[in-house]
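# Report on the structure
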Amino acid sequence: MLQYFAADFLYTENQVFHDCALAVENGVIQDVCPLPENAEVTRFPDCALIPGFVNSHTHSFQSLLKGVCDDTDFFTWRDQGLYRYSQIMTQEDLYTGALFAFAEMLKNGITTVCDFFYINDQANDNAQAVIQAAKDLGIRMTLARTFYNWDGAPARFRETPEQAVENTLALMQLYRDDPGVSIIPAPHSLHGASMEMIEAGAALAKDQGTPWHMHVAEGQYERQMTLEKTGKSPIALLHRHGLLDGAMVGIHCVWLDESDIDLMGETGARVSYNPSSNMFLGDGVTPIKALVDAGICISLGTDGGCSNNRASIIEEMRMTALLQKSDTSRCLGAERRSGVFNGDRQWRRKFRTTVGKTCARVCRRFCGGGSYGSVDATERPFWQKPGLRLTTLRDSGCLCGG
Ligand SMILES: [Zn+2]
């Protein structure tokens, strides 16, 4: 039986509609139509019905570290905050941290998240605890299982390339048929992973047909270190090793020069932009305007709780608009700021091919600050196509709103 849902505004394809409803059958959106006259309509007054947001980068366990080492330099933050506490977290802590992070995201309309996870203890149990938190709350997730072998990092982060490949492959196989979970390789960074490790991660992604994520040129020190060691910028170095292509999503990409941007544009490499975190850690300003002009696909991320203290893509849109304008004196169009439009294009193939038209709704209450309902947004256009799936937080038993 068809159900109808309506709000004061319905947003899709860069347009706002009034007096329209979603027609839904068995959780699947059939149509966007004029308000029916002779059918019951579930209404959400003072709300807009919009696609869910995609958060393309976070570290969920860091929600437990909010406020730790605020207002310190990067190395104090890393060593006295992140490394210190991540060494003593139990598997239950990791699950709890993920619950807090994902619940905050869902309340803020994020319905798909990529969790870059590195407290692996040379196994998959911790990652599975985080995935369980996502499943318990009903958020869709990609777990970017980290490849990490820098010996300056805590031992529980580190694996050999062989271990990382074997464990990641096992985790991929475990969730292969799960429509709400995907696994991708994520070499940590040029400072956190050896070139052998990075190549192993990229090769696994290629073999399995997935994207892969890596922190790239986040801090100025990484660019300088790479230049001194190799004579190449981080992007040029990756390109020399044949690693830049449309499967690579570079996280942050703050310290780029023109030739780096050209290389990324030519190869189709992608970017996850995390403006609040970049400001929080004093990393600098990613040249978004130049990346957009080069045709590079950009998504938005919140990064972890201890480098942002909040998890909202709407907040990241605002930060993008303000930070980029202050840096370049030029405006980005609203469509450039939206985490919806490009975030979904970076998403995993599994969602696209098996659940590709899955969709849902976010009802954001303009008055009162609360929000309810949730959904998903992995494919455009969201609403017009028949066959989209509608899911709600209410359906998943979490955070019933009103
Ligand atoms: Zn990160």
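In what follows, the structure referred to is the one given above.
All of the points below concern the structure found in this document. Source: prediction; values computed, not measured.

### Things to note about the sheet that holds strand β8 (residues 140-147)
Pairing is parallel in the open sheet, where four strands are placed in the order β6-β7-β8-β9. Bordering the open sheet on either side are β6 (53-58) and β9 (181-187), each of which pairs with just one other strand. The mean angle between the axes of side-by-side strands here comes to 15°, regardless of whether they run parallel or antiparallel. As paired elements, strand β7 (residues 110-117) and β8 share six bridges and run parallel to each other. Counted as the bridge partner of F116 is A144 from β8. Docked against the sheet, helix α2 (residues 91-107) engages β6 and β7, running at close to 150° with respect to β7. Strands in contact with helix α5 (residues 195-208) are β8 and β9; relative to β9, the strand with the most contacts, it is inclined by about 150°.

### Things to note about unusual backbone geometry
A positive phi angle, close to 85°, is found at H252, a residue other than glycine. Relative to the assigned elements, H252 resides in strand β11 (residues 248-252). Its identity as a non-glycine residue notwithstanding, C253 has a phi of 50°, on the positive side. One can find C253 in the loop between β11 and α8 (258-267).

### Observations regarding the nonpolar core
Counting residues in each nonpolar core, the largest one holds 80 residues, and the members touching the most others are A98, F102, V130 and A134. When neighbours within four sequence positions are excluded, A98 is seen to be in contact with S60, F61, V130, A133 and A134. Ranked by size, the runner-up nonpolar core spans 13 residues in total, among them F5, V24, V32 and L49.

### Things to note about the packing of α2 against helix α3 (residues 125-137)
When two helices pack together, you describe them by how their axes are tilted relative to each other and by the distance separating the axes. Between α2 and α3, the least distance of the axes is 8 Å, while the angle of their chain directions is 35°. The two elements α2 and α3 cross, and the hand of that crossing is right-handed. Contact with α2, carried on its side by Q91, L94, Y95, A98, L99, F102, A103 and L106, involves D125, N126, A129, V130, Q132, A133, A134 and L137 of α3 and no other residues of that element. Split into classes, the residues belonging to the contact of α2 with α3 amount to 12 nonpolar, three polar and one charged.

### Considerations on the pairing of β8
For β8, the tally of buried residues reaches eight of eight residues, placing the bulk of the element in the interior. What you see with β8 is no split at all: R140, T142, A144 and T146 on one side and M141, L143, R145 and F147 on the other are buried throughout. With seven bridges connecting them, β8 and β9 associate as parallel partners. When the sheet's bridge partners are listed, T142 is paired in β9 with S182.

### Points about α5
If you check α5, its first and last C-alpha atoms are 20 Å apart, about what 14 residues at 1.5 Å a residue would give, namely 20 Å. The set of residues buried in α5 consists of M197, I198, A200, G201, A202, L204 and A205. Taken together, the buried residues of α5 touch β8, α4 (161-174), β9 and β10 (212-216). Directly after α5, the chain includes G209, whose backbone phi takes a positive value near 70°.

### A few points about the pairing of β10
The buried fraction of β10 amounts to five of the five residues, a majority that puts the element mostly inside the structure. Side-chain alternation along β10 places W212, M214 and V216 on one buried face and H213 and H215 on a second face that is also buried. Here β10 runs beside β11; their pairing, made up of five bridges, is parallel. From the neighbouring strand, H215 faces β11, where its bridge partner is I251.

### Remarks on the sheet that holds strand β12 (residues 270-273)
Spatially, the four strands line up as an open sheet ordered β10-β11-β12-β13, and their pairing is parallel. Unpaired on one side and paired on the other, β10 and β13 (298-300) mark the two borders of the sheet. In this sheet, adjacent strand axes meet at a mean angle of 30° when their direction is disregarded.

What counts, and at which threshold
- Residues numbered from 1 in each chain as written.
- Predicted model: local features only at pLDDT ≥ 70, side-chain atom pairs only at ≥ 80, totals over all residues.
- Pairing = 2+ DSSP bridges.
- Helix = DSSP H or I, 4+ residues; strand = E, 2+ residues; numbered from the N terminus.
- Axes fitted to C-alpha atoms, helices over the stretch in contact; angles between N-to-C directions.
- Contact = placed C-beta atoms within 7 Å.
- Core = buried A, V, L, I, M, F, W, Y, C linked by C-beta atoms within 7 Å.
- Buried ≥ 20, exposed ≤ 12 C-beta atoms within 10 Å, placed from the backbone.
- Left-handed = near helix turned anticlockwise from the far one by under 90°.
- Nonpolar A, V, L, I, M, F, W, Y, C, P; charged D, E, K, R; others polar.
- Expected span 1.5 Å × (residues − 1).

By themselves, these figures tell us nothing about what the structure is for.
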